[in-house]
Amino acid sequence: MSNPKRLKAICDAGPIIHLDELKVLHLLSDFHEVLVPDRVWFEVTRHRREALNHPDIPFRKVILDKPPDGLLLAMSKAFSLDSGEIQTLSLALQHRDSLLFTDDAAARFVAEQMGFKVHGTIGIIVRAIRRGYLSAREVVDILSIIPQQSSLYIKPALLDRIIRDLKERFEL
Amino acid sequence: METMQIELPEQLYKAVNALVKNGWFRDENEVLCEAVRKFIESFRPSLIEDFILNDVEWGLHGDE
């Protein structure tokens, strides 16, 4: 198991925006560095002006000046990925030992095909139990307010199932 | 744009040809691109569900 405090994360816009909406963006401070491609940086700033100024999170804006890898470009076209998602995957190619965070299903599918370790907002929030940043009760409370407080869409039945499973697992 | 060579069963090949001949698509390439896109779209909801459940497991038991 690698030391999470030394792990780098690469973030697409979704998880930063959703964690900020849910007021748990600080969970990203568990990483050594959080790399954000310039296109994603722009996108996040447009929606959540202050999110990337969080004092405790080692966000680093990365400017990508090379065109994307050929395979990545082909897959991005086939899966209709946007420029931010393409940059996120390009950056992941340069930092293969990092975790990649996105909430976009197509971007995530492509990332998995390319062998990246990829997760999303829900994973980051639930991980906080394992890492000791939040109690299971707090995580359940945060998951419960996703439909009202966040633009992250999860099918209600799926969200209910996750909450029920966590409650059973942690005897809440 | 990348090139991919594929083998199609004859019936499927005829169906693709018919779509082009009848003017629905410019060429065979366009039919196949659209078919792949539709396939991906139709699987998106179940993909999302799998990803989220996988996230919960990683969140609880992942070793990073």
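Residues numbered from 1 in each chain as written. Chains lettered and ligands numbered in written order. Predicted model: local features only at pLDDT ≥ 70, side-chain atom pairs only at ≥ 80, totals over all residues.

**Student:** Just checking my understanding: could you explain the overall build of chain A for this structure?
**Tutor:** Looking only at helices and strands, chain A features 9 helices and 5 strands. Against the compact-globule benchmark of 16 Å for 172 residues, chain A has a radius of gyration of 16 Å, which places it among compact chains. Dimensions of chain A along its principal axes, counting C-alpha atoms only, are 50 × 35 × 35 Å. Out of the 172 residues in chain A, the part that is buried amounts to 44%. Put simply, 65% of the contacts in chain A that link residues at least 6 apart link residues at least 24 apart. (Helix = DSSP H or I, 4+ residues; strand = E, 2+ residues; numbered from the N terminus. Rg over C-alpha atoms; globule rule 2.2 N^0.38 Å. Buried ≥ 20, exposed ≤ 12 C-beta atoms within 10 Å, placed from the backbone. Contact = placed C-beta atoms within 7 Å.)

**Student:** Help me understand the confidence of the model for chain B in this model?
**Tutor:** For any part of a model where pLDDT is low, the fine detail of the predicted coordinates should not be relied upon. The share of residues in chain B with pLDDT of 70 or more is 97%, and the mean pLDDT across the chain is 87. Across the assembled chains, the prediction reports ipTM 0.91 with pTM 0.83. (pLDDT = per-residue confidence, 0-100.)

**Student:** Would you take a moment to explain the packing of helix H5 (residues 105-113) of chain A against helix H2 (residues 28-61) of chain B for this structure?
**Tutor:** Between two packed helices, both the angle of their axes relative to each other and the distance between the axes serve to describe the pair. In the contact formed by H5(A) and H2(B), the axes pass within 9 Å of each other and the chain directions differ by 80°. It follows from the interaxial angle that H5(A) and H2(B) lie roughly perpendicular. Mapping the contact onto sequence places A:Ala105, A:Ala106, A:Arg108 and A:Phe109 in H5(A) and B:Ile40, B:Arg44, B:Leu47, B:Ile48 and B:Phe51 in H2(B). The residue inventory of the contact of H5(A) with H2(B), partitioned by class, reads 7 nonpolar, no polar and 2 charged. (Axes fitted to C-alpha atoms, helices over the stretch in contact; angles between N-to-C directions. Parallel < 35°, antiparallel > 145°, perpendicular 65-115°, else oblique. Nonpolar A, V, L, I, M, F, W, Y, C, P; charged D, E, K, R; others polar.)

**Student:** Would you mind showing me how to read the domain arrangement of chain A here?
**Tutor:** Many authors give the size of an interface as the accessible area that is lost as the parts come together. All names here are of chain A. For chain A, the assigned domains read domain 1 (4-122) and domain 2 (132-169). Computed from C-alpha atoms alone, the centre-to-centre distance between domain 1 and domain 2 is 22 Å. Opposite the 9 residues of domain 1 that make contact, domain 2 presents 8 residues. Counting residues per element, the side of domain 1 that touches domain 2 draws most heavily on helix H1 (residues 13-21), which supplies 3 residues. Partitioned by chemical class, the residues of the side of domain 1 that touches domain 2 number 4 nonpolar, 2 polar and 3 charged. (Domains from an automatic or database assignment.)

**Student:** It is not clear to me how the interface of chain B and chain A should be interpreted in this structure. Could you clarify?
**Tutor:** Counting residues at the interface gives 17 residues for chain B and 24 residues for chain A. Residues belonging to the side of chain B that touches chain A are distributed by class as follows: 9 nonpolar, 2 polar and 6 charged.

**Student:** Hey, could you run me through the nonpolar core in this one?
**Tutor:** One broad trend across soluble globular proteins is that nonpolar side chains are buried collectively. In terms of nonpolar packing, the biggest core is built from 55 residues, with A:Val34, A:Val110 and A:Ile125 touching the most fellow members. Two domains share this core, each providing at least three of its residues, namely domain 1 (4-122) and domain 2 (132-169) of chain A. (Core = buried A, V, L, I, M, F, W, Y, C linked by C-beta atoms within 7 Å.)

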